[in-house]
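# Per-entry structural report
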Amino acid sequence: MAARQLYDVVANPNQTSEYSQIDNPGFARRKDQGGTFVVGSPRQGYTLNLSKTRIGLSESVSWEMRKYDKYREIEKRMSGLGESTAQRIELDLTHLFTFGLQSSDTYTNMDGESVSVTTGDAVRIFSNSHTITGSSTNVDNLNGTTAFSRTGLEAAERLFDNMVNMNDVKVIPQPDTIITGNDPAMKNIVSEFNRSIGAPDTAERADNVYKGRYKHIVLPYLATTNLGAATSTGRYYWMLADLKHKDAILEFSEMPTFTMGSPSNGGEDFDTEDVKAKSSASYAYGILDYKWIIGSSATSV
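The sections below set out a description of the structure shown in this document.

Procedures and definitions
Residues numbered from 1 in each chain as written. Predicted model: local features only at pLDDT ≥ 70, side-chain atom pairs only at ≥ 80, totals over all residues. Heavy atoms only, no water. Helix = DSSP H or I, 4+ residues; strand = E, 2+ residues; numbered from the N terminus. Buried < 20%, exposed > 50% of the residue type's maximum accessible area, 1.4 Å probe, protein only. Pairing = 2+ DSSP bridges. Axes fitted to C-alpha atoms, helices over the stretch in contact; angles between N-to-C directions. Contact = heavy atoms within 4.5 Å. Expected span 1.5 Å × (residues − 1). Arc of directions from axis to C-beta. Polar contact = N/O pair within 3.5 Å; in protein donor to acceptor, adjacent residues only side chain to side chain. Salt bridge = Lys/Arg side-chain N within 4 Å of Asp/Glu carboxyl O.

Moving on, we get to unusual backbone geometry. Backbone geometry at Ala122 places phi at a positive 65°, although glycine is not the residue there. Mapped onto the fold, Ala122 is located in the loop between β6 (114–116) and β7 (130–132). When its relative accessible area of 56% is taken as the criterion, Ala122 is described as exposed. One non-glycine residue, Asp168, adopts positive backbone phi at about 65°. Along the chain, Asp168 turns up in the loop between α3 (150–161) and β9 (177–180).

Have a look at this one:
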């Protein structure tokens, strides 16, 4: 699951939970001989409330399939059933970023539920006007529609360089990862930047200053609709992230679980003698803070 790398994964048996953001206490201050230490002034940030939902899918294996050794078909069915839960989680985790780079604060998922794509400050994940609690300053983590290139990377790095904490004091993120979808052109151009000795976007092939600087995560569902269908929207989206300081949370009260029925657990239907199987999970997810990631809703390479 590629998208899980963008989240802190937490086991939590409770249905609801709250995460609170608090900044560090600021710069250390001068302490004179015999004097007292200056008391730090950490500032309370925003909160994120999570509420878990459960997903699942079931299949049946007929008496005939078991009797006449249709094991290959049974194995394919059961394997697909087990994968269905992991794929849905991957879709959900990815779509926060897909729709967070679009124009609405919510989207409707495949179950007809409204899903928020805002962070703790109630502003869309990627925005030019994020807020902080200690000042009227707006903070920007949206790199417009800038295509992936040296110019685009430098613009994203500049946005990181402008980040401030809740007290409006400069922070120093350390971006380490480029995130794209599965489009071949996007994957290839990122590989060129990561591996080429010469700069891939200049005719004179000057030294490639980006060689080996960033990891690359590919999100296969980045360019998909709310139903998981492939779409050209999002094909060229890309993000730059500081994963050491990521502030997205994925909570599980039930990890993805596969259960095969049997007569002993009531999983065999008396009338049809079909044996049932199911895959399920219970989880919640969200993004508390935005300062660890910059996004671009590019429409071309």
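That covers the picture; the talk isn't over yet.
With that out of the way, let us pick up the sheet that holds strand β12 (residues 248–260). Spatial strand order, β1-β12-β13-β4: four strands in an open sheet with mixed pairing. Both edges of this open sheet fall to β1 (8–11) and β4 (53–61), since each of them pairs with a single strand only. Each neighbouring strand pair of the sheet contributes to a mean axis angle of 25°, computed without reference to strand direction. Note that β1 and β12 share four bridges and pair parallel. Across the sheet, residue Ala11 finds its bridge partner in β12, namely Phe252. Contacts from helix α2 (residues 71–100) reach β4, β12 and β13 (275–287), with the element oriented near 15° to β13.

With that out of the way, let us pick up α3. For α3, spanning 12 residues, the distance from its first C-alpha to its last is 16 Å, which sits close to the expected 16 Å at 1.5 Å a residue. Taken residue by residue, α3 has Gly152, Leu153, Ala156, Glu157, Leu159 and Phe160 as its buried positions. When α3 is viewed along its axis, its buried side chains cluster within an angular range of 155° and face the same direction. Residues of α3 that are exposed and angled more than 90 degrees away from the buried face: Thr151 and Arg158. On the buried face of α3, the contacting elements are β9, α4 (184–195), β11 (238–241) and β14 (293–296). In this structure Ser149 caps α3, since a side-chain oxygen of it lies 3.3 Å from the backbone nitrogen of Thr151.

Attention now goes to the pattern of salt bridges. Under the definition given, this model contains 14 salt bridges. The salt bridge involving Glu251 is made with Lys52; its shortest N-O contact spans 2.8 Å. Of this pair, Glu251 sits in strand β12 while Lys52 sits in the loop between β3 (44–51) and β4, and the two are 199 residues apart along the sequence. What makes Glu251 buried here is its relative accessible area of 0%. A residue is classified by how much of its surface remains accessible, and Lys52, at 7% relative accessible area, is buried.

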